[in-house]
Amino acid sequence: MKLTFSVIKADIGGYVGHSDTHPEVVETVKKVIEEEKEKGNLIDCNILTCGDDIAIVMTHTHGVDNEVVHRIAWNAFEKGTEVAKKLKLYGAGQDLLTDAFSGNIKGLGPGVAEMEFEERPSEPLIVFFADKTSPSAWNLPLYEMFADPMNTAGLVIDPKMHDGYTFEVLDVYSGKAVKLSTPAELYDLLALIGSVGKYVVKNVYRNYDGEIAATASTQKLSLMAGQYVGKDDPVMVVRAQSGFPAVGEILEPFARPWIVEGWMRGSHNGPLMPVSFEDARPSRFDGPPRVIAAGFQLAQGKLVGPTDMFRDPAFDKARVRAQDMADILRRQGIFEPHRLPAEEMEYTTLPKILKKLEGRFYDIEEQRLEKGQVMEKEDMD
Ligand code: F6R
Ligand code: MG
Ligand code: MG
């Protein structure tokens, strides 16, 4: 039996500001999907939250991009939005960019990460969920998990992993994707995915047999709406063990925090801090960016879990280091490289400021020459 694992997420209202979700909203979303499970439309479901975002986790047999499943998520977010509006939560319904659902939730605002596979005799997987960052935040850890033997010993040791993995990389501006096989094309892969404003990893496949290993949400809300509407805080699903990286190899990149984009006003770089479910409520300068890891085992599609993978004190040092990195970046204030570079500010106020000042720019060299000529003339007079 082919099973589909779907995670669909949205920010439908923040409490307070952009910090957290409200329990009443989360309960409402949960109730809608549980009713669908009762009706037999889903095998199982669960809800995760990270910052002001809610993720609906669903297992079913309808396949990816399925209208029934996407509609369930859309309806749940709409019902949740009604409560968020009643409570006047901040940005209520902000990620639902249209009034009408039209068959597929992609392009309508919410983020989607789905994969279809034959459930193995034991199927451990991890759902990563981040707030105050963008899907390219997964580029670095996906490289380490699936292509760096210094992180993932299994690439050297496990015969099923020894042929490497293929990364499907999406250019978020053109919508075109390319598949690159590692280790052979590793340097080509890194040349692309190091450009986090342009390229994001969509899927990872095992070369040994083509099995799907990981999938991520890749929506770029700012590009979809043509104006800044919040960062598209991403989700990612990674399968673990027996031929895939071990749980510990999957989590290891997060023990060494790195810098991602999306902090304050979606316009700043900051460290991605791995936290427990409980601590996924960013408030310092609306951050710093957070990531949670929810571990599940599947049993005939039933979700056994989640377990809170970053609750491990072994990640405490990463949290402290992330705070040190946050202090260093905060010192920069509005200056790069804390604030994003100009190209990335395209959907914010920067173009308006440039427009306003357009007619006031002059060629400094020309002006100098003109001044020089005037002075020369004055001297001659
Ligand atoms: C939201 C975010 C926040 C907001 C900021 C300003 O994802 O990252 O930092 O951008 O709180 O929000 P507004 O413009 O809604 O007042
Ligand atoms: Mg928000
Ligand atoms: Mg958010």
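Computed from a predicted structure; not experimentally measured.

Undergrad: Before we move on, could you go through the packing of helix H3 (residues 139–147) against helix H5 (residues 186–193) and cite the residues and values that matter?
TA: Interaxial distance between H3 and H5 falls to 11 Å at its minimum, and their mutual angle equals 165°. With respect to each other, H3 and H5 are oriented roughly antiparallel. Seen along the crossing, H3 lies across H5 with a hand that is left-handed. Contacts between H3 and H5 involve Asn-139, Tyr-143 and Ala-147 from the former and Leu-186, Leu-190 and Ile-193 from the latter. Per-class residue counts for the contact of H3 with H5 are five nonpolar, one polar and no charged.

Undergrad: Tell me about the coordination of the magnesium ion (ligand 3), and please be specific about residues and values.
TA: Taken together, Asp-52 (OD), Asp-53 (OD), Asp-131 (OD) and Asp-233 (OD) make up the full set of protein donors to the magnesium ion (ligand 3), lying 2.0 to 2.1 Å away. Site description for the magnesium ion (ligand 3): donor spacing in sequence, D-D-x77-D-x101-D. For the pair the magnesium ion (ligand 3) and the magnesium ion (ligand 2), the metal-to-metal distance amounts to 4.0 Å, and Asp-52 bridges them. Of this pair, Asp-53 sits in strand E3 (residues 53–60) while Asp-131 is found in strand E5 (residues 123–131), placing the two residues 78 residues apart along the sequence. Of the two residues, Asp-53 and Asp-131, both sit in the buried class.

Undergrad: Residue-level account of the pattern of salt bridges, with values.
TA: Using the criterion set out here, one finds 21 salt bridges in the structure. When the shortest N-O distance is used, the salt bridge between Asp-44 and Lys-37 registers 2.9 Å. Several salt bridges share partner residues, and in doing so they unite Arg-120, Glu-123, Glu-211 and Arg-239 into one network.

Undergrad: Please set out the coordination of the magnesium ion (ligand 2) residue by residue, giving values where relevant.
TA: Each protein donor to the magnesium ion (ligand 2) is listed here as Asp-11 (OD), His-18 (ND1) and Asp-52 (OD); together their distances run 2.0 to 2.4 Å. What makes Asp-52 buried here is its relative accessible area of 2%.

Undergrad: Can you tell me about the UniProt feature "binding site: Mg(2+) 3" (unreviewed entry) in the protein chain, naming the residues and giving the values?
TA: Within the UniProt annotation, "binding site: Mg(2+) 3" (unreviewed entry) is assigned to Lys-231, Asp-232 and Asp-233. Beyond its immediate sequence surroundings of up to four residues, Asp-233 is in contact with Lys-9, Asp-52, Asp-53, Ala-130, Asp-131, Lys-132 and Thr-133.

Undergrad: Lay out the site of ligand 1 in plain terms, naming residues and giving numbers.
TA: Neighbouring ligand 1 are the residues His-18, Tyr-90, Lys-132, Met-264, Arg-265, Gly-266 and Asp-286. Side-chain polar atom of His-18 to an oxygen atom of ligand 1: 3.4 Å apart, as the coordinates give it. The side chain of Asp-286 places a nitrogen or oxygen atom 2.6 Å from an oxygen atom of ligand 1. In the complex, the protein chains occlude 74% of the 410 Å² of accessible area that ligand 1 would expose alone.

Undergrad: Would you mind going over the sheet that holds strand E2 (residues 44–50) in detail, with residue names and values included?
TA: With antiparallel pairing, four strands are arranged side by side in an open sheet as E2-E3-E1-E4. Two strands bound the open sheet, and with one partner strand each, they are E2 and strand E4 (111–118). Adjacent strand axes in the sheet meet at a mean angle of 15°, parallel and antiparallel pairs treated alike. Relative to E3, strand E1 (residues 2–10) is paired through seven bridges, and the arrangement is antiparallel. Note on E3: the bridge partner recorded for Ser-6 is Met-58. Helix H1 (residues 23–38) rests against E2 and E3 of the sheet, and its axis sits at about 165° to E2. Lying over the sheet, helix H2 (residues 67–86) contacts E1, E3 and E4, oriented at roughly 150° with respect to E3.

Undergrad: Talk me through the nonpolar core; I want residue IDs and the actual numbers.
TA: Of all hydrophobic cores here, the largest spans 40 residues; its most connected members are Phe-128, Leu-142, Phe-146, Phe-167 and Phe-254. Per-element accounting of this core gives the leading share, five residues, to H3. Excluding its chain neighbours within four sequence positions, the residues that come into contact with Phe-167 are Leu-142, Tyr-143, Phe-146, Ala-147, Val-178, Lys-179, Leu-180, Thr-182, Leu-189, Val-201, Asn-203 and Val-204. Grouped together as the second largest cluster of nonpolar side chains are 28 residues, Ala-73, Trp-74, Ala-84 and Val-112 included.

Reading guide: rules and limits
- Residues numbered from 1 in each chain as written.
- Chains lettered and ligands numbered in written order.
- Predicted model: local features only at pLDDT ≥ 70, side-chain atom pairs only at ≥ 80, totals over all residues.
- Heavy atoms only, no water.
- Axes fitted to C-alpha atoms, helices over the stretch in contact; angles between N-to-C directions.
- Helix = DSSP H or I, 4+ residues; strand = E, 2+ residues; numbered from the N terminus.
- Parallel < 35°, antiparallel > 145°, perpendicular 65-115°, else oblique.
- Left-handed = near helix turned anticlockwise from the far one by under 90°.
- Contact = heavy atoms within 4.5 Å.
- Nonpolar A, V, L, I, M, F, W, Y, C, P; charged D, E, K, R; others polar.
- Donors = N, O, S within 2.8 Å, 3.2 Å for Na, K, Ca; no water.
- Buried < 20%, exposed > 50% of the residue type's maximum accessible area, 1.4 Å probe, protein only.
- Salt bridge = Lys/Arg side-chain N within 4 Å of Asp/Glu carboxyl O.
- UniProt positions renumbered as here; feature names shortened; annotations may be inferred.
- Near = heavy atom within 4 Å.
- Polar contact = N/O pair within 3.5 Å; in protein donor to acceptor, adjacent residues only side chain to side chain.
- Areas by Shrake-Rupley, 256 points an atom, 1.4 Å probe, with all protein chains shown as cover.
- Pairing = 2+ DSSP bridges.
- Core = buried A, V, L, I, M, F, W, Y, C linked by side-chain atoms within 4.5 Å.

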